[in-house]
Amino acid sequence: MKVPTKFSIKTLGCKVNQYEEQVIREKVLDMGYVETDPKDADIFILNSCTVTGEADRKTLQLIRRVKRDNPGVRVVVTGCYAVVEKDIETLRAMPEVDMVVPGKDKTRIKEFLGCLEDNARVGVFDQGISGFSGHSRAFVKVQDGCDQRCSYCKVNIVRGPSVSRPYEDIMAEVKTLISKGYREVVLTGICIGAWKVPGHSSIAALIDNVCRIDGNFRVRVSSIEPNHIDERFIKTVSSSKKFCRHIHIPLQSGSDTILEKMKRRYTSTQFKDIVSRLRREMPFLGISTDIIVGFPGERSSDFNATREFVQQIKPSRIHVFPYSDRPGTSASRMEGRVPVQEVKNRVKILLEDGKHLQKMFCKSFIEKDIEVLVEAKSYDGAIEGYTAEYVRVRAHKSHGSYGEILRLKGAFSDPEGCFLIAE
Ligand code: SF4
């Protein structure tokens, strides 16, 4: 028989908060939890108050004290301190806090605790939308925050750990957008591969369900970390007709020494293996990537390793970023700064390499059937859009209009290789 979870609840502040404590208590008892005192609890719920600076101080002090006295307890904070985005971020950044339930959602505590038990952090996203003015592609936020702690990145400090948007909210938003005529849905988040909620164990499961929604539309993910690409993900995206044959996978460096310093969770060999497995299942897949140039300690040999690696994996596009120092990150305290002029030179070289690869990829669609979502009219009245592989295409306006998915044939590419002309 399952041992019941022990919880404790404490409220700071006014009578309304006191009343709501009881509402929360009854809901939690209803889950079969038993109440105990904070020192014995598995879960401690703090119904916080923020009426004065002193109340804020008490909230933070209590969180620390409870965790100090009972290190194994999981701390859930709700109430008035968990209302303003800035304060929610402060709470999420506290190592003592396991979950923040925004004040307005405190009566949905059962849902949140269920997620905590499943080790999935689920959050309520206030930014639900019903349209995307001026775009024929619609972005749907499915996740926020990140647990990866790359050494150069401040996301974990600023946005806190990964929080997944509930499955039902996402599906409802996608259905609304499709019913409004959007032909492409881009699932987006800070680290979307971390998405999971009770009953749906991975981003692959979410993609699978989104792709099963009826309608003439296609699906992309904004970006996915290499370490989140597993067999299930590959199987899902390669077997769905709706999933676009384009994936953005941040590489950041082709040098294993630098990847280690960046605290990325893969080696160049593993990255290459993922790319080969994906391409085996999706032959014309466009793989775009991000690369940081001039990371502390990046020697010429590391940079050359990145260049060579790029030639091996042949991304369809490369976004090159000069290393940017973020105070508070561990990279910021690293030695071996690369001189600014050298960083600029390396950026320029890699951009040229990227341009060449982009051109080759674009040309590979000449004489091929392509599907283009029309996103804009160009200056000369032609229509422009992107293929499923994320190749920019220009075509005569007689082919169709804004928001439509057109079936065309690649004819030739512009001299720069930036876009394909279709007929
Ligand atoms: S770089 Fe991306 S994966 Fe790494 S910590 Fe930042 S958000 Fe997370």
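As the structure is a computational prediction, the values presented were derived from the model and not from experiment.

Peer 1: Help me understand the layout of surface pockets in this model?
Peer 2: Considered as a void within the structure, the largest pocket measures approximately 750 Å³ in volume. Lining the largest pocket are 27 residues, with Tyr152, Cys153, Val155, Gln252 and Asp290 positioned closest to its centre. Mapped onto the lining of the largest pocket, the elements with two or more residues apiece are α5 (155-159), β12 (286-293) and β13 (317-322). Each residue belonging to the lining of the largest pocket can be placed in one class, and the counts come to 14 nonpolar, 7 polar and 6 charged.

Peer 1: Help me understand the site of the ligand, please; the structure alone is not making it clear to me.
Peer 2: Around the ligand, a shell composed of Cys146, Gln148, Arg149, Cys150, Tyr152, Cys153, Val155, Ile190, Glu225 and Arg264 is seen. Here the ligand occupies the largest pocket. Residues belonging to the shell around the ligand are distributed by class as follows: 6 nonpolar, 1 polar and 3 charged.

Peer 1: Sorry, what's going on with the sheet that holds β13 here?
Peer 2: Strand order in the open sheet made by the 3 strands is β11-β12-β13, with parallel pairing throughout. If you trace the sheet from one side to the other, it starts and ends with β11 (246-248) and β13, each paired once. Strand-to-strand, the axes of this sheet are offset by a mean angle of 15°, without reference to chain direction. Summarising the sheet, β11 and β12 pair through 3 bridges and their orientation is parallel. Bridge assignment links His246 to a residue of β12, and that residue is Gly286.

Peer 1: Would you mind going over the pairing of strand β3 (residues 43-48) with me for this structure?
Peer 2: A regular strand places its side chains so that they alternate between the two faces of the sheet. With 6 of 6 residues buried, β3 is to be regarded as a mostly interior element. In this structure, strand β1 (residues 6-11) lies alongside β3, joined through 5 bridges in parallel fashion. Bridged to Thr11 within β3 is Asn47. Direction of pairing for β3 relative to strand β4 (residues 74-79): parallel, over a ladder of 6 bridges.

Peer 1: So what exactly am I meant to see when it comes to the packing of helix α11 (residues 300-313) against helix α12 (residues 340-363) here?
Peer 2: Contact geometry for α11 and α12: axes closest at 11 Å, N-to-C directions at 5°. Compared by their axis directions, α11 and α12 come out roughly parallel. Residues Ser300, Phe303, Thr306, Arg307, Val310 and Gln311 of α11 pack against Arg346, Ile349, Leu350, Asp353 and Leu357 of α12. Of the residues belonging to the contact of α11 with α12, the class tally is 5 nonpolar, 3 polar and 3 charged.

Peer 1: What is the right way to look at the packing of aromatic side chains in this model?
Peer 2: Summed over the entire model, instances satisfying the criterion amount to 8 aromatic pairs. Each ring, one from Tyr152 and one from Phe295, has its centre 6.3 Å from the other, and the planes form 85°; the classification is edge-to-face. With Tyr152 in the loop between β7 (143-144) and α5 and Phe295 in the loop between β12 and α11, this pair connects stretches of sequence that are 143 residues apart. The class for Tyr152 is buried, based on a relative accessible area of 12%. Grouping aromatic residues by their ring pairs yields a cluster made of Tyr152, Phe295 and Tyr323. Above the plane of the ring of Tyr386 lies Arg137, whose end atom (NZ or CZ) is 5.6 Å from the centre.

Peer 1: I keep staring at the side chain of Arg25 and nothing clicks. Help me out?
Peer 2: The topology assignment puts Arg25 in helix α1 (residues 15-30). Here Arg25 falls in the buried class, since its relative accessible area comes to 14%.

Peer 1: I keep staring at the sheet that holds β3 and nothing clicks. Help me out?
Peer 2: Note on sheets: strands pair through backbone hydrogen bonds, and any given pair is parallel or antiparallel. Spatially, the 5 strands line up as an open sheet ordered β2-β1-β3-β4-β5, and their pairing is parallel. The open sheet has two edge strands with one neighbour each: β2 (34-35) and β5 (97-100).

Peer 1: Explain empty space enclosed by the protein here, please?
Peer 2: Rolling a probe over the atoms, with the probe sized like a water molecule, indicates the empty space that remains. Applying the stated rule across the entire model yields 3 cavities of 30 Å³ or more. Taken as a whole, the second largest cavity spans an internal volume of roughly 60 Å³. Around the second largest cavity sit Ser316, Arg317, Gln358, Phe361, Cys362, Glu389, Tyr390, Val391, Arg392, Gly417 and Cys418, which together line it. With 3 residues, α12 is the single largest residue contributor to the lining of the second largest cavity. Residue composition of the lining of the second largest cavity, by class: 5 nonpolar, 3 polar and 3 charged.

The rules we used
- Residues numbered from 1 in each chain as written.
- Predicted model: local features only at pLDDT ≥ 70, side-chain atom pairs only at ≥ 80, totals over all residues.
- Heavy atoms only, no water.
- 1 Å grid on protein atoms, 1.4 Å probe; cavity = no way out; pocket = protein on both sides within 12 Å on 5 of 7 lines; lining within 4 Å.
- Points joined across faces, edges and corners; volume = space filled by probe spheres on them.
- Helix = DSSP H or I, 4+ residues; strand = E, 2+ residues; numbered from the N terminus.
- Nonpolar A, V, L, I, M, F, W, Y, C, P; charged D, E, K, R; others polar.
- Near = heavy atom within 4 Å.
- Sits in = over half its atoms within 2 Å of the grid points.
- Pairing = 2+ DSSP bridges.
- Axes fitted to C-alpha atoms, helices over the stretch in contact; angles between N-to-C directions.
- Buried < 20%, exposed > 50% of the residue type's maximum accessible area, 1.4 Å probe, protein only.
- Parallel < 35°, antiparallel > 145°, perpendicular 65-115°, else oblique.
- Contact = heavy atoms within 4.5 Å.
- Phe/Tyr/Trp six-rings, centres within 6.5 Å; stacked < 30°, edge-to-face > 60°.
- Lys NZ or Arg CZ within 6 Å of the ring centre and 35° of its normal.

Scope: geometric values only; no functional claims are made or implied.
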